[in-house]
Amino acid sequence: MKTSLLFVEREQAKIAELIELLVPLQSEWDVFFAETGERALQILANNEIEIVFSNADIVLPNGANLLGEIKRIFPRTIRFAMVPNLEHATIAQVSQYVHQLVTKPLTREHLKNRVVRTLKLKSILNNERVINLVKDTTTVPSLPEIYLQIEEEASKLDFSLPKIANLISKDPSLSAKVLQIVNSALFGIQREVTNISFAITYLGVNVIKSLVFYIQLFSSFKLTKENRKHLEQIWQHTLIVASTSYHLAQKFFNYKYDIDSSYTAGVLHDIGKFVLLNTNTYPQNVKVLSEQKFIDNLEAEQEVFGCTHAEIGGYLLGLWGFPHSIVEAVVFHHQPSLLETTDFTLASAIHFADLLYYLPSIDIKHIRNIGFERDFLTLIETFKRPKPFTL
């Protein structure tokens, strides 16, 4: 069965360009076009549309944003907002409605890559074992209230940093934790930060949002004393990976939106382990199986649970409405090659940050001096062995 896509563009000339762009792909996709929001909703009502690409600022006669209405009426449809660039003023406003953002002009290769990656992710997250694990975990909390309030303020075009700082400051323990993390050596700030407003200005609202989200989520899970210790380990690991991926993103990404997203994805990359810790069989059963069969932890999770913490985390974040690019990074952070792209993605950033966390002391200078780089990578792949159990 072909994949069905809908493109929403106001101008006939733009639609003509899209048709020309998509002709070579007509054997793979059924493509629909609409010039207005009303026509787009009609097409969605009468067809099984999997993915919608729409201009970010198309509104309906009642003033509602089209993508927002699609989210409300057709929540299973994947929504892409087409924007001029990732610094566009409407991004903060529209990000609450969409799974992904794409910049114009679209190219055939980029468009196909986005669709293929999206469908691959969708098929993974339809895993019944993943759905049942999340559904049966009664202690998974909803989005924290302060996070939602910050999200609401940050989505405004004229959002106020003092208001966001005031929201965080209402919770003394939250404020202390944010400042503790900001002042850590991981961010490389040259002087001590004691002011939440300065912390937000330095790191950006999106990074602060991800910190607030994770701190509150961390404190709201109800776990045994033993599993609380494992959760502390996940927390420490997560912050280091998030900061490392943030620095990698500064080198490889051009837009602040992507750089901030890399920190958020790093903070959330192991959130699926929270759900597994509620099963009473994790991490003990995974550790035992890993040692018995000489397999790594990810393979052991697959055998024990029929899925991995990466898939569980991606599904959970999808339920909470996180951007598709972050969900994708969480799902594929162990195997970004499954995305079948040569681009450096959010999943790449998390993968390498995760790798660097566990990397033992290696004499890089010696490897370069003897020209062993390529052979070294081959050696790792050939002689890969199960690692000691880690969270």
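Since this is a predicted model, take the numbers as computed values, not measurements. Residue numbering note: each chain is counted from 1, following its sequence as written. For a predicted model such as this one, the threshold for reporting local features is a pLDDT of at least 70, and the threshold for listing and counting side-chain atom pairs is 80 or more; totals across whole chains, interfaces and linings nevertheless cover every residue. Side-chain descriptors were evaluated using all non-hydrogen atoms of the structure, hydrogens and water having been removed beforehand.

Trainee: Please clarify how the overall build of the protein chain should be interpreted in this entry.
Mentor: In DSSP terms, a helix is any run of H or I states spanning at least four residues, a strand is any run of E spanning at least two, and both are numbered starting from the N terminus. Of regular secondary structure, the protein chain possesses 21 helices and five strands. Per-residue accessibility, obtained with a 1.4 Å probe over protein chains only, is compared with the maximum for each type, and a residue is labelled buried under 20%, exposed over 50%, and partly exposed between these values. Within the span of the protein chain, comprising 391 residues, buried residues form 49% of the whole. The criterion used for residue contact is that any of the two residues' heavy atoms lie within 4.5 Å. Summarising the internal contacts of the protein chain: among those between residues at least 6 apart in sequence, 67% fall at separations of at least 24. With the model as given, the accessible surface of the protein chain reaches about 19700 Å², and the carbon-plus-sulfur share is 53%. A 1.4 Å probe and the Shrake-Rupley method give the accessible areas. Residues count as covered only by the protein chains that appear here.

Trainee: What am I meant to see in the packing of aromatic side chains here?
Mentor: Aromatic rings considered in pairs are described by the distance between their centres and by the relative angle of their planes. Think of it this way: a Phe, Tyr or Trp ring, Trp meaning its six-membered ring, pairs with another when their centres are within 6.5 Å, and the plane angle makes it stacked under 30 degrees, edge-to-face over 60, tilted otherwise. A complete count under the given rule lists nine aromatic pairs for this structure. Each member of the aromatic cluster is reached from another via a ring pair, and the members are Phe-7, Phe-33, Phe-53 and Phe-80.

Trainee: Got a minute to help me understand the pattern of salt bridges in this structure?
Mentor: Oppositely charged side chains can form a pair if their charged atoms are brought close together. Any Lys or Arg side-chain nitrogen found within 4 Å of a carboxyl oxygen on Asp or Glu counts as a salt bridge. Using the criterion set out here, one finds nine salt bridges in the structure. Close ionic contact of Lys-104 with Glu-9 constitutes a salt bridge, the shortest N to O distance being 3.0 Å. Taken together, the residues span a long stretch of sequence, with Lys-104 in the loop between strand S5 (100-103) and helix H5 (108-125) and Glu-9 in the loop between strand S1 (3-8) and helix H1 (12-22) at a distance of 95 residues. Salt-bridge contacts for Lys-293 lead to Glu-303; the nearest nitrogen and oxygen are separated by 2.9 Å. Taken together, the residues span a long stretch of sequence, with Lys-293 in helix H15 (residues 284-293) and Glu-303 in helix H16 (residues 297-305) at a distance of 10 residues. Using a relative accessible area of 43% as the deciding quantity, one classes Lys-293 as partly exposed.

Trainee: Before we go on, may I ask you to explain the packing of helix H7 (residues 145-154) against helix H8 (residues 161-169) in this structure?
Mentor: Think of two packed helices as two axes; the pair is described by the angle between the axes and how far apart they sit. In this analysis an axis means a line fitted to C-alpha atoms, helices contributing only their contacting stretch, and an angle means the value between N-to-C directions, from 0 to 180 degrees. Their axes nearest at 10 Å, the elements H7 and H8 cross at an angle of 180 degrees. With respect to H8, the axis of H7 lies roughly antiparallel. Contacts between H7 and H8 involve Ile-146, Gln-149, Ile-150, Glu-153 and Ala-154 on the former and, on the latter, Lys-163, Ile-164, Leu-167 and Ile-168. Basically, the charged four are Asp, Glu, Lys and Arg, the nonpolar ten are Ala, Val, Leu, Ile, Met, Phe, Trp, Tyr, Cys and Pro, and anything else, Gly included, counts as polar. By residue class, the composition of the contact of H7 with H8 is six nonpolar, one polar and two charged. For this classification, under 35 degrees means roughly parallel, over 145 means roughly antiparallel, 65 to 115 means roughly perpendicular, and everything else is oblique.

Trainee: Help me out: how do you make sense of the sheet that holds S1 in this one?
Mentor: Across a sheet, strands are paired by hydrogen bonds formed along the backbone, either parallel or antiparallel in direction. For two strands to pair, DSSP has to find at least two bridges joining them. On the basis of which strands lie adjacent, the open sheet formed by five strands has the order S2-S1-S3-S4-S5 and parallel pairing. Of all the strands in the sheet, the pair left with one neighbour each is strand S2 (29-34) and S5. In this sheet, adjacent strand axes meet at a mean angle of 25 degrees when their direction is disregarded. With four bridges joining them, strand S4 (residues 78-83) and S5 adopt parallel strand pairing. Of the residues in S5, the one forming a bridge with Phe-80 is Gln-100. Helix-sheet contacts for helix H3 (residues 66-73) involve S1, strand S3 (51-55) and S4, and the interaxial angle to S4 is about 175 degrees.

Trainee: Which parts of the structure should I look at to understand the confidence of the model for the protein chain?
Mentor: Do not read the predicted coordinates in detail wherever pLDDT is low. Residue-level confidence of the predictor, termed pLDDT, takes values from 0 up to 100. Put simply, the protein chain has an average pLDDT of 82, and 88% of its residues get 70 or more. Predicted confidence in the protein chain is weakest over helix H4 (residues 91-94), with a mean pLDDT of 64, and strongest over helix H2 (residues 37-46), with 96.

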